[in-house]
Each structure stands twice: as C-alpha cells, then as structure tokens.
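# Descriptive analysis of the structure
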Amino acid sequence: MSIIGRLGGLRTRHALAILVLGIALMIETAPPAEAARLRLRATMERYSGNPAYLAVYVTDAKGHFVATVQIFGDKVQYYPHLSRWIRAVGPQSVPLDGITGASVGAGRGLDVSVEIADALIGVGYQLRVDAAAENIADNAAEIILPLEPAAAGIDATGRGLVARLRFEM
C-alpha cells in the first residue's frame, strides 16, 4: 500500500473517532428533561375511621394512565383499594421509593411539593386522585383536574373522602 493510501486510512479513522467522540459528548451534555414543581394541597372530609390512602396520578384525556405523582399511605396491602391507579400500574409496579408518604386522617390536610414533567402540563393531561379508607367505600377517580395552568390554584371538590384538592404552580 502506498504512503498516500495509509494516510487516507488514518484520516478516515481519525475523522470517525472525532465523529464518535462528538456524538458521545452531545449525548452526555444534552439537557435533562425539564420538570415543573407543583404544590399539592388537600383537606380531607371529617369521617369516622382510619386514615385514608390516596393515589395522585396523571392520565391522558381518555383516562389512560401516564405516571404516578404521589401515594399517601405506605402499606402495600391496601393499594388494591386505590382501584383505578393499581389497575393501571399493576400489583408488581416499579418501586415507589421517594413518592410515598403517610396516609391522611379525617379532617386533616396535606401539603406537598412534587415534580411533573413540563411536557405533561397544558396539553390535555389530567391529575387524578383515587381515595380509600378501611370500612369506607373506595373512591376511584374521586377528583379529576385538568393539568393546565388555568386550573392551578382552583379548589376541586371530592366525591367522598377528599373535601377539596388543588395544585399550585
């Protein structure tokens, strides 16, 4: 092989190495998906019984599950009572570490901050809440709120255990 042929092969390999390195750097430095911080605030109805379990999750406009936002109540054996949510995620769902909290007692309130992907806000998705308490009827989709900036700060009234819930952006 001539010297020019060898140099051409080196140039090609060198150019290929630079191209691969450039792609790797672009992937490594790509900005992470943006997340919006929402503040969830709710007040429970006054009822007699054990604290309620709540599942707060996002669905599309047709009610198809998209993502779990927050679970209130940490005893997994009670999750099947959060019927629409558990049907969507399945009993062997991904770990819920970091998105669970204590159940919420009668007449009590909750106030938590959560993160939701920006891409889910203002494009027709919904924030839903399933609620359940021992010896009280389960309330699937007790609250459905449009995940729209215009809905922020507006109280939604529950159909059972949750007196009202709102999110703030």
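See above for the structure.
Residues numbered from 1 in each chain as written. Predicted model: local features only at pLDDT ≥ 70, side-chain atom pairs only at ≥ 80, totals over all residues. Heavy atoms only, no water.

For the rest of this paragraph, the subject is unusual backbone geometry. In this structure, asparagine 135 is a non-glycine residue whose phi angle is positive, near 65 degrees. You can see asparagine 135 is positioned in the loop between strand 6 (126–133) and strand 7 (136–146). Classification of asparagine 135 by relative accessible area gives exposed; the value is 77%. Of note, the phi angle at alanine 141 is positive, near 50 degrees, even though the residue is not glycine. For alanine 141, the location among the structural elements is in strand 7. (Helix = DSSP H or I, 4+ residues; strand = E, 2+ residues; numbered from the N terminus. Buried < 20%, exposed > 50% of the residue type's maximum accessible area, 1.4 Å probe, protein only.)

What follows concerns the sheet that holds strand 5 (residues 109–117). In spatial order, the strands read 5-1-9-8; together these 4 strands make up an open sheet with antiparallel pairing. With partners counted over all chains shown, the strands left at the sheet margins are strand 5 and strand 8 (156–157), one partner each. Strand direction decides the pairing type here: strand 1 (residues 35–44) and strand 9 (residues 162–168), joined by 6 bridges, are antiparallel. Looking at the pairing, alanine 42 lines up with leucine 165 of strand 9. (Pairing = 2+ DSSP bridges.)

This paragraph deals with the pattern of salt bridges. Going through the model one piece at a time under the given rule, you end up with 7 salt bridges. The closest approach of N and O atoms between arginine 166 and glutamate 168, which form a salt bridge, is 3.5 Å. Taken together, the salt bridges that share partners define one network made up of Arg39, Arg41, Asp111, Asp155, Arg166 and Glu168. (Salt bridge = Lys/Arg side-chain N within 4 Å of Asp/Glu carboxyl O.)

Leu40, Leu54, Val69, Ile116, Leu127, Leu147 and Phe167 are the most contacted members of the largest nonpolar core, which totals 31 residues. Elements with a contribution of two residues or more to this core: strand 1, strand 2 (53–59), strand 3 (65–72), strand 5, strand 6, strand 7 and strand 9. For this core, the element with the highest residue contribution is strand 1, accounting for 5 residues. Ignoring anything within four residues of it in the chain, the contact list for phenylalanine 167 reads Leu38, Arg39, Leu40, Leu127, Leu145, Pro146, Leu147, Glu148, Ala151, Ala152 and Gly153. Grouped together as the second largest cluster of nonpolar side chains are 10 residues, Tyr53, Ala55, Tyr79 and Ala132 included. (Core = buried A, V, L, I, M, F, W, Y, C linked by side-chain atoms within 4.5 Å. Contact = heavy atoms within 4.5 Å.)

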